[in-house]
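Listed below are the residues making up each chain.
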Amino acid sequence: MSNQSTSVMSKPEPTKVASVKSMRIALKLIANDAASLAQAANGANGSLHANNNAFAAIKPCSLAETLGATAIPLEIDVSSLDGTSTTATNLNMSFRDYLAQAIERIEQQQTVLLSHPALPYRLLMMPAIVAAKHRCHPHAYLTGMGEGHELSDAVQQALTQAKRAHVSPTQIDATHCTSYKDKFFELIQLIGHLATRSLPTTNDSENNSTNKQYWFSEMHQSRVASFNFIEAEMQHAVVLVQGTELGEASSLLDNTRLFFPVSANTVSGIQQQLTQLQSQLQSQLNAISSSSASAAINVNHSTLLALMLNNLNQFDHQAGKAAVIMANSIETACSEIEAMLAMLSTSDTLASSPSEVEYKTPSGSCLILTANEPLGTNGLCFVYPGVGTVYPQMFSQLPRFFPDLYAQLERDGDVKAMLQADSIYADNAKVTDMSLGELAIAGVGASYILTKVLSEYFNVKPNFAMGYSMGEAAMWASLGIWKQPHSMIEATQTSTIFTTDISGRLDCVRQAWQLNQSDDIVWNSFVVRATPADIEAVLTQYPRCYLAIIQGDTCVLAGCEASCKALLKQIGKRGIAANRVTAMHTAPAMLIHREVAQFYQQALHHNEQLEQTAQIKFISAASSQPINVSSLDIATSIADTFCQPLNFTELVNNARKLGAKLFVEIGADRQTTTLIDKIARTSPTVSEPCQAIAVNAKGGDDQTALLKCIAQLISHKAPVSLTCLTQGLANLLASTLKFEVNNLQADATLAPQLEGEQS
């Protein structure tokens, strides 16, 4: 590699628009001073924000640093381009010229380092073959450039050069940028978005990272963007394609998301651990109060993260009792501990026969004490909700915490279709506009992702599994039983089962009611607080009404809307209309029982894969005994559940009789969690304690909901790995320490200057 510098060049001629020809140019972001742009830019530039997800996930790369050290730097007094220099050196050079000059050198198999002195990220550019030779994974590839009087002409020219004329790229508008610095910042920000798979938006730098939307792509297709800017009254377009380097996972824990598990074999031991933690946190509070504001921020971010990491590493999974403190600050953490200690001191938990104690706070702190076997030890049951639980923007935060998972899902199948992204993540999305098939696909997709999160990142393995209605299909798809669950997405979208038989024009209902295609059917379902006996006493008087679902203290009545309303009026009950057209769990659905069974008769994984789920007992609403893991038995079970009335109360009680104690809802929102808790409180046939918890909650924070679930699993003594938390926290701590060191060095440099000014 050449060490030649262009910083001494003078009076260069503007370069003509570059042609990338047939060569791909690898692009790699390198942070200055080994600090991330998200941190280094905090306070350095008004347009760069500390929460910018596109940069926070760019991890250091020693290979890139090595290549960058021998690259040709193209930092040619760029201040002149921003109107901040009085020199005339390189005054004619433009942003386009720098790119063109870089490409010219790259076509000579050289490596170039493009930068601006005011921005903490540099852009390493090299031939893709050079990157591959050094095993340096790029964040993106530059594949084409174009210019024209019209933007459309420039974009099409660039796409043709990139051999992607058939693609509609994501358009990144930088035409408002007038300085080199702003254009360069927009470019490296786009590269960051490609690396993190987060969709660029208008005023992107002002958006908080928690609001970033995942950049969905078509199945097995790379993300393509056109970076557009104006120079010399010409429109310019640069086509970028995603690279092989994936952004680093964000830590689930940080200085505003505190998580402290403590463990001991006795209640007094828990008290001692809590008191010690409170003392450590109070010491940090005291340090903050005795420091200046800036010093407190610089010091206590890393010390708090270090304390949390040390606590996680010291947690004893084998201890008999566990508690978790969750909070959003040191002050609230101290308050949470104080409240938990107060509860322990006033309860009878220190008596010789401790009572059952279940303590939870809105912040997520929890403590479970029991004289019996903890619920999570051998009674963990995954519960998969039915159709209609998905909601707009669900799981929008998860990709930045689990980027590897989403990348794997993209390799396996169509993530965009699996989550019905065009509907779920659209502006002003309304799930009420989605068809039954679309809702079913998105629901299974949601369950599939959450199952992967719990099982692969936290090593949570259930002893039992069951599903509510179509959640039974989600159960088999999510737990690694079906070999190709992704293949069912398109089949669900096109099958008459979901499009016309039990939804849409309701062909099954027409056949059962002996109606013509021209006859209108006004179908609805109603949730009513009533006993099955209340409804069954008059149900025969309404042949077009069906008792579809029994669920604790409520039932679901479905059928002809007018007949349902008449029945409800007769029994003196008020029903809440679901306004969803589906004849599942009604007599007409039995007409397609065979078709449903055929649809769900799927190939299973090989025996080696199935052995990993051998400990799970799969429970169905259609049987009192666990289902045999065979293709035919699974298909028959799903068809029975799908077509027959669903007695969810009986399903829950049967699961409890088989040994399920701790029910974890694996899906969007918390449809079944509330139902299971109600059923457990009112069941006269099962006295064993049980509890239901959810992994997700509509209207809440994905990150917090997941952490609350993990906290409860820990306190119930379910086997949980904390490696995901410690790895993310260790990475965050390392980058935070580097940032604080840089800040201290900057303060040390600045202090003498300030003293001189004051003197």
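All of the points below concern the structure found in this document. Since the structure is predicted, the reported quantities are computational estimates derived from the model, not experimental observations. (Residues numbered from 1 in each chain as written. Predicted model: local features only at pLDDT ≥ 70, side-chain atom pairs only at ≥ 80, totals over all residues. Heavy atoms only, no water.)

**Points about the environment of His593**
Okay, so step 1: Tracing the sequence through the fold places His593 in helix 23 (residues 593–599).
Okay, so step 2: Here His593 is in contact with Thr636, Ala639, Asp640 and Cys643, once residues within four sequence places are set aside.
Okay, so step 3: Within the structure, His593 has its side chain in polar contact with the side chain of Asp640 (distance 2.5 Å). (Helix = DSSP H or I, 4+ residues; strand = E, 2+ residues; numbered from the N terminus. Contact = heavy atoms within 4.5 Å. Polar contact = N/O pair within 3.5 Å; in protein donor to acceptor, adjacent residues only side chain to side chain.)

**Some details on the packing of aromatic side chains**
Okay, so step 1: Applying the stated criterion across every chain, the model contains 18 aromatic pairs.
Okay, so step 2: When the ring of Phe227 is compared with that of Phe229, the centres are 5.9 Å apart and the planes differ by 45 degrees; the resulting orientation is tilted.
Okay, so step 3: The exposure class of Phe227 is buried, given its relative accessible area of 0%.
Okay, so step 4: Through successive ring pairs, a cluster of aromatic residues spans Phe95, Tyr98, Tyr180, Phe184, Phe227 and Phe229.
Okay, so step 5: Directly above the ring of Tyr141 sits Arg24, whose terminal nitrogen or CZ lies 3.9 Å from the centroid. (Phe/Tyr/Trp six-rings, centres within 6.5 Å; stacked < 30°, edge-to-face > 60°. Buried < 20%, exposed > 50% of the residue type's maximum accessible area, 1.4 Å probe, protein only. Lys NZ or Arg CZ within 6 Å of the ring centre and 35° of its normal.)

**With respect to the layout of surface pockets**
Okay, so step 1: Its boundaries defined by the atoms lining it, the second largest pocket holds a volume of some 1000 Å³.
Okay, so step 2: For the second largest pocket, the lining is made up of 35 residues, of which Val527, Gln551, Ala578, Arg580 and Gln671 are closest to its centre.
Okay, so step 3: Counting only elements with at least two residues in the lining of the second largest pocket, the list comes to strand 15 (523–528), strand 16 (545–551), strand 17 (554–560), strand 18 (575–577) and helix 27 (671–682).
Okay, so step 4: Split into classes, the residues belonging to the lining of the second largest pocket amount to 17 nonpolar, ten polar and eight charged. (1 Å grid on protein atoms, 1.4 Å probe; cavity = no way out; pocket = protein on both sides within 12 Å on 5 of 7 lines; lining within 4 Å. Points joined across faces, edges and corners; volume = space filled by probe spheres on them. Nonpolar A, V, L, I, M, F, W, Y, C, P; charged D, E, K, R; others polar.)

**A closer look at the sheet that holds strand 18**
Okay, so step 1: Spatial strand order, 18-15-17-16-20: five strands in an open sheet with mixed pairing. Of all strands in the sheet, those bounded by a partner on one side alone are strand 18 and strand 20 (646–647).
Okay, so step 2: Where strand 15 meets strand 18, three bridges bridge the pair, whose relative direction is antiparallel. Bridge pairing in strand 18 places Val528 opposite Gly575. (Pairing = 2+ DSSP bridges.)

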